[in-house]
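Structure assessment
The chain contents come next:
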Amino acid sequence: MKRVIISWSSGKDSALTMQRMIESTEYEVVGLVTTYSESKSLVPIQATPIKYVRLQAQAMELPLLEIKMADQVSNEVYKNTLLEGLGNWTVPFDAIAFGDLYCNGIVEFRQKLFSETVIECVFPLLIEEQIDLSREIARQIINTPIRALLQSINLKHLEEHCCGADYDNSLLEGLPECVDPCGEVGEFHTFVYDAPFFKTAIRIHRTEQERQTYHHGREMNMLVQKFEASLP
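Here goes a summary of the coordinates provided.

Reading the values: rules and limits
Residues numbered from 1 in each chain as written. Predicted model: local features only at pLDDT ≥ 70, side-chain atom pairs only at ≥ 80, totals over all residues. Heavy atoms only, no water. Helix = DSSP H or I, 4+ residues; strand = E, 2+ residues; numbered from the N terminus. Pairing = 2+ DSSP bridges. Axes fitted to C-alpha atoms, helices over the stretch in contact; angles between N-to-C directions. Parallel < 35°, antiparallel > 145°, perpendicular 65-115°, else oblique. Contact = heavy atoms within 4.5 Å. Nonpolar A, V, L, I, M, F, W, Y, C, P; charged D, E, K, R; others polar. Buried < 20%, exposed > 50% of the residue type's maximum accessible area, 1.4 Å probe, protein only. Right-handed = clockwise from strand over helix to strand, strands pointing away. Left-handed = near helix turned anticlockwise from the far one by under 90°.

In this section: unusual backbone geometry. Most peptide bonds are trans, and most residues other than glycine sit at a negative phi. With an omega of -5 degrees, the peptide bond between T144 and P145 qualifies as cis. Secondary-structure assignment places P145 in the loop between α5 (131–143) and β6 (147–154). A positive phi angle, close to 70 degrees, is found at I45, a residue other than glycine. Mapping I45 onto the fold places it in the loop between β2 (27–37) and α2 (50–60).

So, on to the sheet that holds strand β9 (residues 222–230). Backbone-to-backbone hydrogen bonds pair the strands of a sheet. The strands run either parallel or antiparallel. Taking strand neighbours across the sheet as the criterion, the four strands line up as β7-β6-β9-β8 in an open arrangement whose pairing is antiparallel. Bordering the open sheet on either side are β7 (188–194) and β8 (203–212), each of which pairs with just one other strand. Between one strand axis and the next, the sheet turns through 25 degrees on average, direction left out of account.

Here we take up the packing of helix α1 (residues 12–23) against α5. α5 packs onto α1 with a crossing angle of 75 degrees between their chain directions and a minimal axis gap of 10 Å. On the basis of their axis angle, the class for α1 and α5 is roughly perpendicular. Contacts between α1 and α5 involve K12, D13, L16 and R20 from the former and I137, Q140 and I141 from the latter. Grouping the amino acids of the contact of α1 with α5 by side-chain chemistry returns three nonpolar, one polar and three charged.

The buried fraction of β2 amounts to 10 of the 11 residues, a majority that puts the element mostly inside the structure. In the sheet, strand β1 (residues 2–7) pairs with β2 via six bridges, with the strands oriented parallel. What sits directly across from I6, in β2, is L32. Assessed by its sense of winding, the connection that carries the chain from β1 through α1 to β2 is right-handed. The sheet contact formed by β2 and strand β3 (residues 64–69) spans six bridges and is parallel.

All right, on to the sheet that holds β2 then. Within the open sheet, the five strands sit side by side as β3-β2-β1-β4-β5. Their pairing is parallel. Two strands in the sheet have a free side with no partner beyond their single neighbour: β3 and β5 (120–122). Neighbour-to-neighbour, the strand axes of this sheet turn through a mean angle of 30 degrees, independent of strand direction. On top of the sheet, α1 reaches β1, β2, β4 (95–97) and β5; it is set at about 170 degrees to β1, its chief contact.

Our next topic: the packing of helix α3 (residues 75–88) against helix α4 (residues 106–113). As a packed pair, α3 and α4 sit with axes 11 Å apart at the nearest point and diverge in direction by 55 degrees. With respect to α4, the element α3 is oriented oblique. The interaxial crossing formed by α3 with α4 has right-handed handedness. Residues N75, Y78, K79, L82 and L83 of α3 form the contact with α4, whose participating residues are F109, R110 and L113. Residue composition of the contact of α3 with α4, by class: five nonpolar, one polar and two charged.

Take it as geometry only, folks, not as evidence of what the structure does.
What follows is the structure, encoded as C-alpha cells:
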C-alpha cells in the first residue's frame, strides 16, 4: 500500500480528498502538508489562520508539514520551497493527493512540478468542468458528512448572508445558478470543522465579518467571516 499525504487547504475539497484516500485500498494516509504566508500566517486563497489548520491536524491525529512561503512568489520559488520542505520532512511518503476538481491548468502545473521527482500526484476528485458534476461532488461532501462553514465569499457572486453559513443542502439549494456549487471559480471558500475522520469536532464561535482583498492577490470584493476555533 502506498503512503500518501494530503495537500490540505483547510476546506471541504481537501476533506473529501481525505475521505477518498481513506476509503482507497491502494493508499494509506500518513500526513498533511500545508503552505502558508509567513508574513500573515494564513493559508493562501483560503485565508485560514495556520493555527486553525493545526487544530484540524490535531483533530485528525495526523502529522502536519507546514511550509512557509513569501507573498506573491514566482512559480519557480514556490516549486523549490515546496520540494525542499517535502524533501526535509521526516515522515516517509510515496504520493501526494490534491483536491482539484477541474483541469484548468492547476493539475498540469502540479504534475510538472513533481515530474522530476519520485512522488506520485493523485487527483481523486477530478471531473469535467460542468455545474451538474460539481453539484454531485457538493452533495457527496455534505452527505459524507463533512461539516464546513463559508469563511469567505465573493460579493460579486453571493449575498452577505451567505458569509459564515454552513455548507449544507439548504445553502446549496439557494445558490444562484451561475455559482459553481463547489466554489471552484473563487465564489467562496470554506473551513472544515468536523468530518468522519476527525476524532473530535472543532468548536466554532463566529465573531465579526470584514472585507478583505489581499488573499487573492488582486482587488476582489470579499467578505470574510472571522471566528474562534478550539478543541474540546
